[in-house]
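Chain residues, written in single-letter form:
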Amino acid sequence: FEGKEALLHVLSGEVMADCATALDRALSPGRMAGASVEVVIRAYVRVMIRKFREHRNAIVQVIRHARAGDPLHGLAVRDFNDRVHGRLRALLEERRGEIAHPDPDLAMNLGLFLVSAGAREAILADALRAYPVKANDDLLIDEFTRAYVAYLGPKTKRRRTPK
């Protein structure tokens, strides 16, 4: 390698490929056939949390370089996010009828931003240290899923009231 930057580009490509493959597998049409909004979101959040933990150091460096203006890292991160977020959006779009939020497009996208940013802060920045929260990855998966699903406002089956 010519230097540290060249090595980081190769490593980031491998990390993003591993994460994309895991998300592709978790969100595959076969696995998601007939799945509810909650099941889709939980699958996405589970992979995101686990891969953030597994590749924490590499992802932190990639994000740092992308934010510092490195055009190759910036482009790679945007392409990665377009791919994996696009897959989640498509699955949620297929389930639009389950979403009660008055603006489903806003809710799908802002909810994705909120859980992604929260996971980045919780795992990559270790920001939960500032709060009285003791959260393992399973708890984070449950709570980020719950938050996103609640924000979408899932439609519930109406119960008949007894006469």
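Every residue gets a number counted from 1 within its own chain, in the order that chain's sequence is written. Local features in a predicted model are, by the rule used here, given only for residues with pLDDT of at least 70; side-chain atom pairs are given and counted only at 80 or more, and totals for whole chains, interfaces and linings are based on all residues. Water and hydrogen atoms were dropped before computing side-chain values, which therefore reflect all heavy atoms in the structure.

> Could you give me a rundown of the overall build of the protein chain, with the residues and numbers involved?
The helix count covers DSSP runs of H or I at least four residues long, the strand count covers runs of E at least two residues long, and both are numbered beginning at the N terminus. Helix and strand counts for the protein chain stand at 7 helices and 0 strands. If one aligns the C-alpha atoms of the protein chain with their principal axes, the spans along those axes are about 75 × 40 × 25 Å. By residue count, 39% of the 163 residues in the protein chain fall in the buried class. Counting contacts in the protein chain only where the partners sit at least 6 residues apart, residues at least 24 apart contribute 77% of the total. The positive count covers Lys and Arg only, the negative count covers Asp and Glu only, and His and the chain ends enter neither. Note that the charge is assigned to NZ on lysines, CZ on arginines, CG on aspartates and CD on glutamates. Placing the 27 positive and 21 negative side-chain charges of the protein chain at their respective mean positions leaves the two points 8 Å apart. When a residue's accessible area, from a 1.4 Å probe over protein chains only, is under 20% of the maximum for its type it is buried; when over 50% it is exposed; and in between it is partly exposed. Any two residues having at least one pair of non-hydrogen atoms within 4.5 Å are treated as being in contact.

> So, the side chain of Lys51: which residues are in play, and what are the values?
Mapped onto the fold, Lys51 is located in helix H3 (residues 37–54). A residue is classified by how much of its surface remains accessible, and Lys51, at 13% relative accessible area, is buried. Residues contacting Lys51, with those up to four places away along its chain left out, are Asp18, Cys19, Ala22, Arg56 and Ile59.

> I'd love a proper account of the pattern of salt bridges, names of residues and values included.
Salt bridges are defined by distance alone: a side-chain nitrogen of Lys or Arg within 4 Å of a carboxyl oxygen of Asp or Glu. Tallied over the entire structure, the rule returns 13 salt bridges. Measuring nitrogen to oxygen at the nearest pair gives 2.6 Å for the salt bridge that ties Arg53 to Asp137. Here Arg53, found in helix H3, pairs with Asp137, found in helix H7 (residues 137–152); they are 84 residues apart in sequence, far enough to count as distant. The exposure class assigned to Asp137 is buried, which follows from its relative accessible area of 17%. Notably, a salt bridge pairs Glu93 with Arg96, separated by 2.8 Å at the nearest N-O pair. Salt bridges sharing partners connect three or more residues here, namely Asp18, Lys51 and Glu54.

> Describe the environment of Glu93, listing the residues and the values that go with them.
Residue position: Glu93 is located in helix H5 (residues 71–94). By relative accessible area, Glu93 is classed as partly exposed at 37%. Along the backbone, Glu93 and Met108 are 15 residues apart, and their C-alpha atoms lie at a distance of 8.4 Å. Here Glu93 is in contact with Asp105 and Met108, once residues within four sequence places are set aside.

> Explain a nonpolar patch on the surface to me, and be specific about the residues and the numbers.
In this analysis, a patch consists of residues with relative accessible area above 30% that form no salt bridge, clustered at 9 Å for like charges and at 5 Å for the nonpolar side chains Val, Leu, Ile, Met, Phe, Trp and Tyr. The protein chains shown are the only cover counted for residues, whose accessible areas, like all others here, come from Shrake-Rupley with a 1.4 Å probe. Residues Leu106, Leu110, Phe113 and Leu114 make up a contiguous nonpolar surface patch of about 360 Å² in total accessible area. Inspection of the secondary structure assignment puts Leu110 in helix H6 (residues 104–124). In this structure Leu110 comes out as partly exposed when scored by relative accessible area, which is 33%.

> Lay out the confidence of the model for the protein chain with the relevant residues and their values.
Confidence along the protein chain averages 88 in pLDDT terms, with 92% of residues attaining 70 or more. Taken together, the stretch residues 157–163 has pLDDT below 50 and engages in 0 contacts with residues farther than four places along the chain or on a different chain. Values of pLDDT, the confidence the predictor places in each residue, fall between 0 and 100.

> Break down unusual backbone geometry for me, with residues and values.
Here the phi dihedral of Asp126 falls at roughly 50°; this positive angle occurs in a residue that is not glycine. Here Asp126 shows up in the loop between H6 and H7. In this structure Asp126 comes out as partly exposed when scored by relative accessible area, which is 33%.

> Outline the environment of Arg56, supporting the account with residue identities and numerical values.
One can find Arg56 in helix H4 (residues 56–67). For Arg56, a relative accessible area of 28% corresponds to the partly exposed category. Distance in space between the C-alpha atoms of Arg56 and Leu23 is 17 Å, their sequence separation being 33 residues. Here Arg56 is in contact with Lys51, Ile123, Leu124, Ala125 and Asp126, once residues within four sequence places are set aside. Any N or O atom pair separated by 3.5 Å or less is treated as a polar contact, with the protein-specific requirement of one donor-capable and one acceptor-capable atom, and with residues adjacent in sequence counted only for side-chain atom pairs. In this structure the side chain of Arg56 is engaged in a polar contact, spanning 3.4 Å, whose partner is the side chain of Asn57.

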